[in-house]
Amino acid sequence: MGVALPPQVPRLCLRHAIPLAIFALLLLYLWTRSLRALSGCGSGTQTCIPEGPPPLQGMLGRMVRPFHASMNPEGDVELSQYLAGWRELVRFLIPLGSIYAFATSEAFAKVTALEALVHGPEAAHYTSLATMVAWEHPGIASRDSARCPGSLTMLLLHRALRWSQLCLHRVATGTLGGPDAGAQCSDAYGTALAPHHPWLVRQAAHLAFLAFPGRSRLLELACPGAREAEARAALARAAGTLEDVYNRTQTLLAERGLLELA
């Protein structure tokens, strides 16, 4: 015969079983949510966790997103997105001081001039770099810069973008004790823009680089409040996007023989 349990035992078991059941349900709920987060987006506003590094925030993010969007799957460059990226890049460069006027060669005015074509009466021919070049250069022998204002403006912005990309990359990757940011960006200027500038402009630019902000200031502008390692990584990623856009534009301009247009 079995031993009879006291009448209070079922009551005790029930009292302990209720919180255990609630705890088990809570674990099941949290486990289910974790699976949803790993497998896809939830029903709220939270987005899926992206593969790779997190998206850039702040001024760098506003600059990188349109530049990245300008590179369409067909291998072309969408002009409206490219110019939107340039506007954000100009905003980033303004705090650098007087060197901005020399290094970007009045980039804001060039962006505005090209936007007038993108949104003008012949806008259908200025949706992308390829359509613009095909419209302004129906024949490969066409080299009159007066007849191709869009291509000429694009070429000048293209060169300035190269300086910006080199400068940001070298600031991001410069080693401790190596050349300061001013020297690195001055060297980038000599590579990308100086060969296309008259002597007087080159001399003025080199003088302006003497007052260039230090590396720590540039990193603070790029990622306010971030640690140096994080700011360097973010700046390097932004420079990488600019390089991708530059390389695609370089290829398209080279195919049409337009790199020596000015």
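Described in the following lines is the structure provided in the data block. (Residues numbered from 1 in each chain as written. Predicted model: local features only at pLDDT ≥ 70, side-chain atom pairs only at ≥ 80, totals over all residues. Heavy atoms only, no water.)

## Some points on the overall build of the protein
Then, number 1: Counting secondary structure elements, the protein contains 11 helices and 0 strands.
Then, number 2: By residue count, 37% of the 262 residues in the protein fall in the buried class.
Then, number 3: Put simply, 69% of the contacts in the protein that link residues at least 6 apart link residues at least 24 apart.
Then, number 4: On the protein, roughly 15,000 Å² of surface is accessible, and the fraction owed to carbon and sulfur atoms is 63%. (Helix = DSSP H or I, 4+ residues; strand = E, 2+ residues; numbered from the N terminus. Buried < 20%, exposed > 50% of the residue type's maximum accessible area, 1.4 Å probe, protein only. Contact = heavy atoms within 4.5 Å. Areas by Shrake-Rupley, 256 points an atom, 1.4 Å probe, with all protein chains shown as cover.)

## Focus: the packing of helix α2 (residues 58–70) against helix α11 (residues 228–255)
Then, number 1: Across the interface, α2 lies against α11 with an axial gap of 9 Å and an inter-helix angle of 25°. Between α2 and α11, the angle is such that the two are roughly parallel. Judged by the sense of rotation from one axis to the other, the crossing of α2 with α11 is left-handed. Contact residues: Leu 60, Met 63, Val 64, Phe 67, His 68 and Ser 70 in α2; Ala 234, Leu 235, Ala 238, Thr 241, Leu 242 and Val 245 in α11.
Then, number 2: The residue inventory of the contact of α2 with α11, partitioned by class, reads 9 nonpolar, 3 polar and no charged. (Axes fitted to C-alpha atoms, helices over the stretch in contact; angles between N-to-C directions. Parallel < 35°, antiparallel > 145°, perpendicular 65-115°, else oblique. Left-handed = near helix turned anticlockwise from the far one by under 90°. Nonpolar A, V, L, I, M, F, W, Y, C, P; charged D, E, K, R; others polar.)

## Quick notes on the nonpolar core
Then, number 1: Phe 67, Tyr 82, Trp 86, Leu 129, Leu 161, Trp 163 and Leu 235 are the most contacted members of the largest nonpolar core, which totals 61 residues.
Then, number 2: For this core, the elements supplying multiple residues, two or more each, are α2, α3 (79–93), α5 (107–118), α6 (129–136), α7 (149–173), α8 (181–192), α10 (215–222) and α11.
Then, number 3: Per-element tally for this core: the top contributor is α7, with 11 residues.
Then, number 4: Contacts of Leu 235, omitting those with residues within four sequence positions, involve Leu 60, Phe 92, Leu 168, Val 171, Ala 172, Leu 219 and Ala 222. (Core = buried A, V, L, I, M, F, W, Y, C linked by side-chain atoms within 4.5 Å.)

## As for empty space enclosed by the protein
Then, number 1: Within the structure shown, the criterion is met by 1 cavity of 30 Å³ or more.
Then, number 2: The computed volume of the largest cavity comes to approximately 30 Å³.
Then, number 3: For the largest cavity, the full set of lining residues is Leu 129, Ala 130, Val 133, Leu 252 and Arg 256.
Then, number 4: Examining the composition of the lining of the largest cavity, we find that 3 residues originate from one element, α6, more than from any other.
Then, number 5: When its residues are assigned to classes, the lining of the largest cavity shows 4 nonpolar, no polar and 1 charged. (1 Å grid on protein atoms, 1.4 Å probe; cavity = no way out; pocket = protein on both sides within 12 Å on 5 of 7 lines; lining within 4 Å. Points joined across faces, edges and corners; volume = space filled by probe spheres on them.)

## What about the state of the cysteines?
Then, number 1: For the structure shown, the criterion picks out 1 disulfide.
Then, number 2: A sulfur-sulfur separation of 1.9 Å characterises the disulfide bridge that pairs Cys 167 with Cys 185. Between Cys 167 and Cys 185 the disulfide shows an S-S torsion of about 70°. By sign, it is right-handed. Of the two residues, Cys 167 is situated in helix α7 and Cys 185 in helix α8; the sequence distance between them amounts to 18 residues. (Disulfide = S-S within 2.5 Å.)

## What to know about α11
For an α-helix, the turn length of 3.6 residues means that residues three or four places apart are oriented alike.
Then, number 1: Its 28 residues give α11 an end-to-end C-alpha distance of 40 Å, which sits within 8% of 40 Å, the value for a rise of 1.5 Å per residue.
Then, number 2: In the stretch just after α11, Gly 257 is the one whose phi turns positive, near 65°. (Expected span 1.5 Å × (residues − 1).)

## Considering the environment of Val 64
Then, number 1: Topologically, Val 64 is positioned in helix α2.
Then, number 2: Each C-alpha atom of the pair Val 64 and Leu 89 lies 8.7 Å from the other, and the pair is 25 residues apart in sequence.

## Section: the packing of aromatic side chains
Then, number 1: On inspection of all chains with the given rule, the structure shows 3 aromatic pairs.
Then, number 2: Their ring planes at 85° and their centres at 5.8 Å tell us that Phe 67 and Tyr 82 sit as a pair that is edge-to-face. Within this pair, whereas Phe 67 is found in helix α2, its partner Tyr 82 is found in helix α3, the two being separated by 15 residues in sequence. Exposure class is identical for Phe 67 and Tyr 82. Each is buried.
Then, number 3: Pairing Tyr 189 with Phe 209 gives two aromatic rings, centres 5.9 Å apart and planes at 55°, and the pair type is tilted. (Phe/Tyr/Trp six-rings, centres within 6.5 Å; stacked < 30°, edge-to-face > 60°.)

## Here we look at the side chain of Glu 88
Then, number 1: By the secondary structure assignment, Glu 88 is in helix α3.
Then, number 2: For Glu 88, the residues in contact, after removing those within four places along its chain, are Arg 62 and Met 63.

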